[in-house]
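What follows is the residue order along each chain.
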Amino acid sequence: MNATQIAELRERLIKERERIVAEWENHGGDGGPIDDWNGRDVEERAVQIASEVVERRIALDDSNLLRKVDFALKRIAEGTYEQCENCGATIPLGRLMAKPSVSLCLACQEAKDAGRL
Ligand SMILES: [Zn+2]
């Protein structure tokens, strides 16, 4: 991987980070009380709770992604970006281009997805 490719991936990670943070702000992200029930009917309340649960779920996924993105940026800064976090093998450029936030080689990712890591 050359410096231009690293710079491009770094740029994409930074944009991804900005997107996640902006989305958080759109979600209202103030973690406001779920309890603003004042006399609306039960069905409406249930719908509201369900949508809040979904939003919190999205926020949780985003926070996991944000951690991955930050980790990838740290790995770029340390010069270990191309190394698999688990086995130290070189992560193929195509894999990083497809998903710049990955930190595992394909074999380790598959092991992890299968619960073996
Ligand atoms: Zn690996």
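Okay, so let's go over this structure.

Thresholds, definitions, all that
Residues numbered from 1 in each chain as written. Predicted model: local features only at pLDDT ≥ 70, side-chain atom pairs only at ≥ 80, totals over all residues. Heavy atoms only, no water. Donors = N, O, S within 2.8 Å, 3.2 Å for Na, K, Ca; no water. Helix = DSSP H or I, 4+ residues; strand = E, 2+ residues; numbered from the N terminus. Buried < 20%, exposed > 50% of the residue type's maximum accessible area, 1.4 Å probe, protein only. Expected span 1.5 Å × (residues − 1). Contact = heavy atoms within 4.5 Å. Polar contact = N/O pair within 3.5 Å; in protein donor to acceptor, adjacent residues only side chain to side chain. Core = buried A, V, L, I, M, F, W, Y, C linked by side-chain atoms within 4.5 Å.

Every protein donor of the zinc ion is listed here as Cys84 (SG), Cys87 (SG), Cys105 (SG) and Cys108 (SG), and their distances to the metal cover 2.2 to 2.4 Å. On the primary sequence, the residues serving as donors to the zinc ion are separated as C-x2-C-x17-C-x2-C. On the criterion of sequence distance, the pair formed by Cys84 in the loop between helix 2 (42-78) and helix 3 (93-98) and Cys105 in the loop between helix 3 and helix 4 (106-113) is long-range, its members being 21 residues apart. In terms of burial, Cys84 and Cys105 fall into one category: buried.

This part takes up helix 1 (residues 3-26). If you check helix 1, its first and last C-alpha atoms are 35 Å apart, about what 24 residues at 1.5 Å a residue would give, namely 34 Å. The secondary structure elements touched by the buried residues of helix 1 are helix 2 and helix 3. With a side-chain oxygen lying 3.0 Å from the backbone nitrogen of Thr4, the N-terminal cap of helix 1 falls on Asn2.

Core analysis: the largest hydrophobic core is formed by 16 residues, its most contacted members being Leu13, Tyr81, Cys84, Ile91 and Leu96. Secondary structure elements with two or more residues in this core: helix 1 and helix 2. The element best represented in this core is helix 2, accounting for five residues. Setting aside its immediate chain neighbours within four residues, Leu96 contacts Met1, Leu9, Tyr81, Glu82, Ile91 and Val102.

With that settled, the discussion passes to helix 2. Over its 37 residues, helix 2 extends 54 Å from the first C-alpha to the last, a length consistent with the 54 Å expected when each residue adds 1.5 Å. Those residues of helix 2 not exposed but buried are Arg45, Gln48, Glu52, Asp62, Ser63, Leu66, Val69, Ala72, Leu73, Arg75 and Ile76. As for helix 2, its buried residues are in contact with helix 1. At the exit of helix 2 stands Gly79, carrying a positive phi of roughly 80 degrees.

In short, shape yes, function no, at least from these values alone.
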